[in-house]
Amino acid sequence: MSNAPVSRRGFLGHFALASAAASLLQAPEFLRGGRWFTVAEAAGLDVTRDTLNGLLAFVVPGTDAYSQAQGVSTPDAGGVDAGATDTLIATIDGSTPFVPNFSAVVAAILNDLAQAVHPGVTGAFGSPFANLSYPEKAAVFQIMDATDALKVLGGILPAFVAFFV
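Since we're looking at a predicted model, the values are computed, not measured. Within every chain, residues take consecutive numbers counted from 1 along the sequence as written. Two thresholds apply to this predicted model, a pLDDT of at least 70 for residue-level local features and 80 or more for giving and counting side-chain atom pairs, whereas whole-chain, interface and lining totals are computed over all residues. Side-chain measures here rest on the full set of heavy atoms in the structure, leaving out hydrogens and waters.

(A) Region of interest: the packing of helix H6 (residues 85–95) against helix H9 (residues 151–164). In contact at an axis separation of 12 Å, H6 and H9 are set at 125° when each is read in the N-to-C sense. As the angle between them shows, H6 and H9 are arranged oblique. Crossing of H6 over H9 shows right-handed handedness. Across the interface between the two elements, Thr-87, Leu-88, Thr-91 and Ile-92 of H6 pack against Phe-160, Val-161 and Phe-164 of H9. Axis angles are defined between N-to-C directions and span 0 to 180 degrees, where every axis is a line fitted to C-alpha atoms and, for a helix, only to the segment in contact. Here a strand is any run of E in DSSP of at least two residues, a helix any run of H or I of at least four, and the numbering for each starts at the N terminus. Any angle between 65 and 115 degrees counts as roughly perpendicular, while under 35 counts as roughly parallel, over 145 as roughly antiparallel, and the rest as oblique. Definitions for this section: a left-handed crossing has its near helix turned counterclockwise from the far helix by less than a right angle. A right-handed crossing has that turn clockwise. Any two residues whose heavy atoms approach within 4.5 Å at even a single point are treated as in contact.

Shown next, in the form of structure tokens:
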């Protein structure tokens, strides 16, 4: 990380993600073996990138393949069209230095819940979440909102992505 001053906007974004990560670390699912951490370590950068592209398309749809695959696209450029994925990954990881590769952990959570919403989902992408339809992605966030351990992340993630884009 650089020593450049952090803007108020940047501070709020970092604070939101750090809060979500801290709440996840307190969750019983993480304390009982850290399954999502193991999945995150096993997943490659391509799966993380696909998952976060699916998230970008969900929050800010555009003309990209991820938006079209979910069934909701717009004629305007969206989050994926903006080329924000790599910067989003770096921001998520940089915002939570106490959780290595937090972007991969977030992707693992989204993909795990995607399998719960639509078991065996397949499609053009290597990520189950990216292959979901728009209503199925909304169902993933409904599960997060109904799960105490994931409630903070589920509330912050879409707002952070919209704010980020």
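Still to come is the rest of the account.
(B) A look at the packing of aromatic side chains. Here the aromatic set is Phe, Tyr and Trp, taking the six-membered ring for Trp, and pairing holds for ring centres within 6.5 Å; pairs whose planes are under 30 degrees apart are stacked, those over 60 apart are edge-to-face, and all others are tilted. Taken as a whole and assessed by the stated rule, the structure comprises 4 aromatic pairs. Both rings, one in Tyr-66 and one in Phe-125, keep their centres 4.0 Å apart while their planes meet at 15°; by these two values the pair is stacked. Of this pair, Tyr-66 sits in helix H5 (residues 65–70) while Phe-125 sits in the loop between helix H7 (102–117) and helix H8 (134–146), and the two are 59 residues apart along the sequence. Since its relative accessible area comes to 14%, Phe-125 is described here as buried. Plain terms: the ring middles of Phe-129 and Phe-141 are 6.4 Å apart, the flat faces sit at 75° to each other, and that makes the pair edge-to-face. Burial classification: accessible surface area is computed with a 1.4 Å probe over protein chains only, and a residue below 20% of its type maximum counts as buried, one above 50% as exposed, and the rest as partly exposed.

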